[in-house]
Each structure stands twice: as C-alpha cells, then as structure tokens.
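Residues per chain, in single letters:
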Amino acid sequence: MSGRPQPALAGVIGWPITHSRSPYLHRHWLERAGLDGDYVRLPVSPEQLPAALAGLAALGMRGVNVTVPHKVTALALCQQLTPLATRVGAVNTIVVQPDGTLLGHNTDVAGFSAPLRDAGLAGRPVTLLGAGGAARAILVALADLGAGEVRLVNRDQARSAMVAAAVPELTFTAYGWAELESALQDAALVVNATSLGMTGQPPLDIALDRVAADCIVNDIVYAPLETALLRQARARGLRTIDGLEMLIGQAAEAFCLFFDAMPDRTDDAVLRRGLGG
Ligand code: NDP
C-alpha cells in the first residue's frame, strides 16, 4: 500500500454497452465537483456477470450501474438490497460496501418520479404503455406518487400481470393495443415505456385526443429525444417530459451513492445539449 489516495472509480455494466451515455454524465459531475475519479463502460456478458460483480471490491471500485440485460439477474448477486430495489425486483446501481459486500439499489424510481412530484397525480388515471424492465420501476414510482387506476397497455398480457402483481398497492387494469382508445380516456399521465419510437424500432402511432386537458405526456425513449409522441403532445399544448429527465435523474442519484457528493444540477441544460437534447 502506497498510502496515496485512490481515484474514485465507478462504471456501467451492460451487454452491449457501447451506447451508454452514463460516462458522459458522471465525468461531467466529477469534473464539476473537482473529484479525482472516473466512470467507465464495462462490457460484461450474462455468463460473466457473477465473476465481474464478485471482482468489484478487489478492483477498488466504488460501485457500478447495471443496465440491459442484467438488472434482474444482478439482484440475486447482491448480498444486500434496499427495500426499493426489492420492491422493483431489479437493481440499476450496486455500491461496494466497506466490507466488500454489494448493496443493490434502484435509482430508476427516483429518476422517473422527480419531474412528477408536483404533478397532482393522486387518485387520477395513468396510461402506461409497455411492461418491460423500465415499467417495473415506473409502476413502483406511480404507486408512491399516489396514482389512481394504472392502465397497463402491452402486447404480452401475461407480462403485464406479472409486473403489476409486484406492486399490489396499485389499482391496475390490463389492456391490449386494440383497446388503446379506452385506455387513454381522461388520462392524467401517459407514459411510453415501450421501445416503440426508438431509433431502429417501429414508430409509436397513437392519438392523444381523448386524454385529460391537463394530461402530462412522458416518453422515456431518449434516442431520438424528440419523438413523434412528444411532438404531438406539444402541438396539443400538453406538458411533456422527455427521456433525458429519467436518464439524468437516475444517474444523479447513483452519483451521490458512488462518490459521496452531490452532482451539480444547476447546469442540466449544458448536459442535455451534450447528450443531444
Ligand atoms: P424491454 O425490452 O424490457 O421492454 C420493451 C417493451 O416494449 C415491452 O413492453 C414490449 O412489449 C414493448 N414492445 C417492443 N416492441 C414492441 C412492438 N413492436 N409493439 C408493441 N410493443 C412492443 O425494454 P425496457 O423496458 O428496458 O426499455 C423500454 C424503452 O425505455 C427503451 O426505449 C429504453 O431505451 C427506454 N428506457 C429509458 C430509460 C431512461 O432513463 N430514459 C431507462 C430505461 C429504459 P411485450 O412485453 O409485449 O414484448
């Protein structure tokens, strides 16, 4: 041991991981905070995940974010979980504890909730499109925001029932895409958590003519950032939330956990421009 202070190291594990924008966010905040550290992309295949996580302490890493396809598998590889990670059934942030054990968190919930805290969703209907990995955290966030009926629209209805069963405090109704019009009636919030509208995926083609007059439209897709859904919502004068809100929000929570410092959120506009927003 040289006794010299170690740079604080964290990273993001996924397969593939080349697309991840997290290093840009964390390096920006590290620089702003004047901290000696780095945040790197770590391509790890599903077969190698147990070995990679077991090696974090030996590598001197503060922790990692985990992304597709590892968020559910990683849960079982952490020695401890926060109550929130247990409720979601997935971890996106793992912190190496002083004794070398791994504590699994889920910061996606806070990232999604932050722009909706003052939205007055209590008791009001919400339409959630998609029941994949992201929807798990969003359902927990909606329960904590006090949302009324959650109308979950998905092709795979068994998957809808499974993710909704994990959040029993929510009032939930499953819809197929053929019943979309009813699902959107008077909605106070519409969330796109499908991969529709993403670069390389089919478009999301829905009409927002039945939603409540004060409806908020949240598209968590961030590539592209300006989706057809958000364009339509703005044209109708509805409040919109784009995918960078959740992306930056979950990263900010993870930054606090890794580096014991608050990220500088005063220049999110600069970050957004750097991320193509
Ligand atoms: P998953 O692969 O876990 O889920 C994909 C969802 O999209 C499922 O509900 C699936 O339905 C649905 N879907 C896919 N193709 C179609 C189709 N052709 N028609 C109808 N439904 C379809 O993905 P994630 O939940 O991880 O991610 C979903 C989106 O959210 C992605 O665009 C991702 O980039 C984005 N995201 C954004 C985040 C942010 O911070 N802004 C965080 C996480 C994700 P089915 O179950 O029927 O197959």
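Structure: see above.
All of these numbers come straight from a predicted model, not from anything done at the bench.

A. Structural view of the environment of G132. Considering the arrangement of structural elements, one finds G132 in the loop between β7 (126-129) and α5 (133-144). You can call G132 buried: its relative accessible area is 16%. Placed 62 residues apart in sequence, G132 and T194 show a C-alpha to C-alpha distance of 7.2 Å.

B. Region of interest: the layout of surface pockets. Roughly 1500 Å³ of internal volume is contained in the largest pocket. V68, G133, A134, M198 and I220 are the residues nearest the centre of the largest pocket, which is lined by 46 residues in total. Residue assignment for the lining of the largest pocket shows that the elements contributing at least two residues are β3 (63-66), α5, α6 (157-165) and α9 (243-259). It is α9 that provides the largest number of residues to the lining of the largest pocket, a total of four residues. Classifying every residue of the lining of the largest pocket gives 22 nonpolar, 17 polar and seven charged.

C. Main features of the packing of helix α1 (residues 22-33) against α9. For the pair α1 and α9, the least separation of the axes is 10 Å and the interaxial angle reads 55°. Compared by their axis directions, α1 and α9 come out oblique. Relative to α9, the crossing made by α1 is right-handed. When α1 is examined against α9, the residues L25, H26, W29 and L30 are found in contact with a partner set consisting of L247, I248, A251, A252, A254, F255, F258 and F259. Split into classes, the residues belonging to the contact of α1 with α9 amount to eleven nonpolar, one polar and no charged.

D. Region of interest: empty space enclosed by the protein. Counting across every chain of the model gives one cavity of 30 Å³ or more. Considered as a void within the structure, the largest cavity measures approximately 30 Å³ in volume. Take the lining of the largest cavity: its biggest share by element is three residues, from α5. Class assignment for the residues of the lining of the largest cavity results in four nonpolar, two polar and two charged.

E. Layout of the sheet that holds strand β11 (residues 216-219). In spatial order, the strands read β9-β8-β7-β10-β11-β12; together these six strands make up an open sheet with parallel pairing. The outermost strands of the open sheet, each flanked by one partner alone, are β9 (172-175) and β12 (239-241). On average, adjacent strands in this sheet sit at an angle of 15° to one another, irrespective of strand direction. Here four bridges tie β7 to strand β8 (residues 150-153), and the two strands are oriented parallel to one another. Across the sheet, residue L128 finds its bridge partner in β8, namely L152. Against the sheet, helix α8 (residues 228-235) contacts β10 (189-192), β11 and β12, and its axis sits at roughly 165° relative to β11.

So, how was this worked out
- Residues numbered from 1 in each chain as written.
- Predicted model: local features only at pLDDT ≥ 70, side-chain atom pairs only at ≥ 80, totals over all residues.
- Heavy atoms only, no water.
- Helix = DSSP H or I, 4+ residues; strand = E, 2+ residues; numbered from the N terminus.
- Buried < 20%, exposed > 50% of the residue type's maximum accessible area, 1.4 Å probe, protein only.
- 1 Å grid on protein atoms, 1.4 Å probe; cavity = no way out; pocket = protein on both sides within 12 Å on 5 of 7 lines; lining within 4 Å.
- Points joined across faces, edges and corners; volume = space filled by probe spheres on them.
- Nonpolar A, V, L, I, M, F, W, Y, C, P; charged D, E, K, R; others polar.
- Axes fitted to C-alpha atoms, helices over the stretch in contact; angles between N-to-C directions.
- Parallel < 35°, antiparallel > 145°, perpendicular 65-115°, else oblique.
- Left-handed = near helix turned anticlockwise from the far one by under 90°.
- Contact = heavy atoms within 4.5 Å.
- Pairing = 2+ DSSP bridges.

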